[in-house]
Amino acid sequence: GNSVTQMEGPVTLSEEAFLTINCTYTATGYPSLFWYVQYPGEGLQLLLKATKADDKGSNKGFEATYRKETTSFHLEKGSVQVSDSAVYFCALSTPGDNQGGKLIFGQGTELSVKP
Amino acid sequence: DGGITQSPKYLFRKEGQNVTLSCEQNLNHDAMYWYRQDPGQGLRLIYYSQIVNDFQKGDIAEGYSVSREKKESFPLTVTSAQKNPTAFYLCASSHPPSSGSYNEQFFGPGTRLTVL
């Protein structure tokens, strides 16, 4: 079945450091890929998305490229801020699979950025 | 502003009691979803509905029930049959997926249920 694997957290960085959170997936067909962010005590917000191979999603300085050859969608940011501290979820969806378009999530990676 | 509301934010119940969590959206979305989140884990799908008066079981539906009488509302009942109901519950909605289109889901703020 379809699945998503993320690097384990927590990840602790200093402000202005470079961030990478690894995400790999297993899926039949051609999934769409997403990164969601969850701030403490809140629901999830869509951070960025990519719907086909080689697409790059970007938002708020974060980027991720859909790599079909390595089945990966790693999240990167060149310079993190304290306000980026949150839990990040990688997810996939395979439209047209008769599963209602459900999202399959990785286990989440907690990021803590210190001043 | 359009969005998804969940109430209450925190809910406490005694073991053996049924409890209903509210989810309302004014985004005119046809599809709605309920997820459960446990510490250190990703979200797991409980139920979903693609249209009014229709819903389907997700991966962990046992001990839960839902209804979809209105497009805007998708309440979740946690029954006494759910063995470990203490968790964070998230509701989401989206336009229904169609061939070739992706499924961007919008999430509510969540309800944290604690069973004592």
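Residues numbered from 1 in each chain as written. Chains lettered and ligands numbered in written order. Predicted model: local features only at pLDDT ≥ 70, side-chain atom pairs only at ≥ 80, totals over all residues. Heavy atoms only, no water.

Details of the overall build of chain B
Part 1 of the reasoning: Helix and strand counts for chain B stand at zero helices and eleven strands.
Part 2 of the reasoning: The linear arrangement of helices and strands in chain B, starting from the amino end, is β-β-β-β-β-β-β-β-β-β-β.
Part 3 of the reasoning: In terms of overall size, chain B behaves like a compact globule, its C-alpha atoms giving a radius of gyration of 14 Å where 116 residues would be expected to give roughly 13 Å.
Part 4 of the reasoning: Each principal axis of the C-alpha distribution contributes one length, and for chain B these read about 45 × 30 × 30 Å.
Part 5 of the reasoning: Here chain B, with 116 residues, has 46% of them falling under the buried criterion.
Part 6 of the reasoning: Sequence separation of 24 or more characterises 54% of the internal contacts of chain B that already satisfy a separation of 6 or more.
Part 7 of the reasoning: Just so you have it, chain B exposes about 5800 Å², and 47% of that area is on carbon and sulfur atoms.
Part 8 of the reasoning: Between the averaged position of the 11 positive side-chain charges in chain B and that of its 11 negative side-chain charges there is a distance of 8 Å. (Helix = DSSP H or I, 4+ residues; strand = E, 2+ residues; numbered from the N terminus. Rg over C-alpha atoms; globule rule 2.2 N^0.38 Å. Buried < 20%, exposed > 50% of the residue type's maximum accessible area, 1.4 Å probe, protein only. Contact = heavy atoms within 4.5 Å. Areas by Shrake-Rupley, 256 points an atom, 1.4 Å probe, with all protein chains shown as cover. Lys, Arg positive; Asp, Glu negative; His and termini not counted. Charge placed at Lys NZ, Arg CZ, Asp CG, Glu CD.)

Section: the pattern of salt bridges
Part 1 of the reasoning: Applying the stated criterion across every chain yields a total of eight salt bridges over all chains.
Part 2 of the reasoning: K77(A) serves as the salt-bridge partner of D84(A), at 2.7 Å between the closest nitrogen and oxygen. An identical accessibility class is assigned to D84(A) and K77(A); each is buried.
Part 3 of the reasoning: Notably, a salt bridge pairs D30(B) with K71(B), separated by 3.5 Å at the nearest N-O pair. Here D30(B), found in the loop between β3 (19-25) and β4 (31-37), pairs with K71(B), found in the loop between β7 (64-66) and β8 (76-78); they are 41 residues apart in sequence, far enough to count as distant. (Salt bridge = Lys/Arg side-chain N within 4 Å of Asp/Glu carboxyl O.)

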